[in-house]
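# Notes for the structure review
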Amino acid sequence: MNSQIANVVIILGMMQVAKKVPFDDPNVLNGVRAMYVLSNIIILSLYMYISGQIKKKNDNTTMKYLEPAPPLSGEQPKLITTTISAYDRDQLKAAFKSVLMGVGMMAIMHIYMKYTNPLLIQSIIPLKTAYESKLVQIHVFGKPAIGDLKRPWKAGGLMQGMQGGDVVSDKKSIDEAERSGRGGAKEE
């Protein structure tokens, strides 16, 4: 089943479950809070492990790709030259940022707006997302970086449209960008 469809099914199911949970009971509310905190501790621990794996492997293989230009900017895609290790660190940094943004949003919704139902959903969806991430597939489960796991990774769904398209890594496009002088400085 498609990951986004599964997320919708989980959200709809958890919304029905949340209606039946007695959040006015302090013990139940504290249990749900603990479940939310535990799920985020698991995710952050997983990402810390991946960080160690990236440092341990230290794959300095050079990779080049074209990063899409911001939408409606009229700019050309920018040529990026980096290493696999640096690319993975950047992706991990974005994953950490995503988790922290989610915790911040949940804190605002729960502490200031007094919403409790999203705690249940946000205890499951981020765990599922982390489990399905390409970093986890490669560095935790040891899957080879081929097919969908081949770097650079394509942004999926809504993010692809917001960023102006997919990254391009075919040799012809990269050679053309190098000849036109659109970037290419190696990021360290």
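In case you missed it, the structure is sitting above this.
Presented here is a report on the structure given in the accompanying data block. No experiment lies behind these values; they were computed from the predicted model shown.

### Points about the overall build of the protein chain
- Summing up its helical and strand segments, the protein chain has seven helices and three strands in all.
- Along the protein chain, helices (α) and strands (β) appear in the sequence α-α-β-β-α-α-α-α-α-β when read from the amino end.
- Put simply, the protein chain has 188 residues, and 31% of those count as buried.
- Excluding contacts between residues fewer than 6 apart, the proportion of contacts in the protein chain whose partners are at least 24 apart in sequence is 67%.

### Some words on the nonpolar core
- Grouped together as the largest cluster of nonpolar side chains are 19 residues, with contacts concentrated most on Y47, I50, Y65, L92 and L135.
- If you list the elements that add at least two residues to this core, you get α2 (26-57), β1 (62-67), α3 (84-112) and α5 (134-139).
- For this core, the element with the highest residue contribution is α3, accounting for five residues.
- In terms of nonpolar packing, the next biggest core, distinct from the first, is built from eleven residues, A18, L29, L119 and I125 among them.

### Describing unusual backbone geometry
- Along the chain, R151 connects to P152 via a cis peptide bond; the corresponding omega equals -5°.
- Tracing the chain through its elements places P152 in the loop between α5 and α6 (158-163).
- Phi at N58 takes a positive value of approximately 40°, unusual for a residue other than glycine.
- Of note, N58 is situated in the loop between α2 and β1.
- You will see that K114, though not glycine, has its phi angle at about 65°, which is positive.
- Mapped onto the elements, K114 comes out in the loop between α3 and α4 (117-132).

About the criteria used
- Each residue is numbered by its place in its chain's sequence as written, counting from 1.
- Per-residue local features of the predicted model are confined to residues with pLDDT of at least 70, and side-chain atom pairs are confined, for both listing and counting, to 80 or more; whole-chain, interface and lining totals are unaffected and use all residues.
- Note that water and hydrogens are dropped before the side-chain values are worked out from all heavy atoms of the structure.
- Working definition: helices are DSSP H or I runs of at least four residues, strands are E runs of at least two. Numbering for both runs from the N terminus.
- When accessible area is computed with a 1.4 Å probe and restricted to protein chains, residues below 20% of their type maximum are described as buried, those above 50% as exposed, and intermediate ones as partly exposed.
- For this analysis, residues touch if any pair of their heavy atoms sits within 4.5 Å.
- What we call a nonpolar core is a set of buried Ala, Val, Leu, Ile, Met, Phe, Trp, Tyr and Cys residues that are connected through their side-chain atoms within 4.5 Å.

Read these as layout, nothing more, since geometry by itself doesn't imply function.
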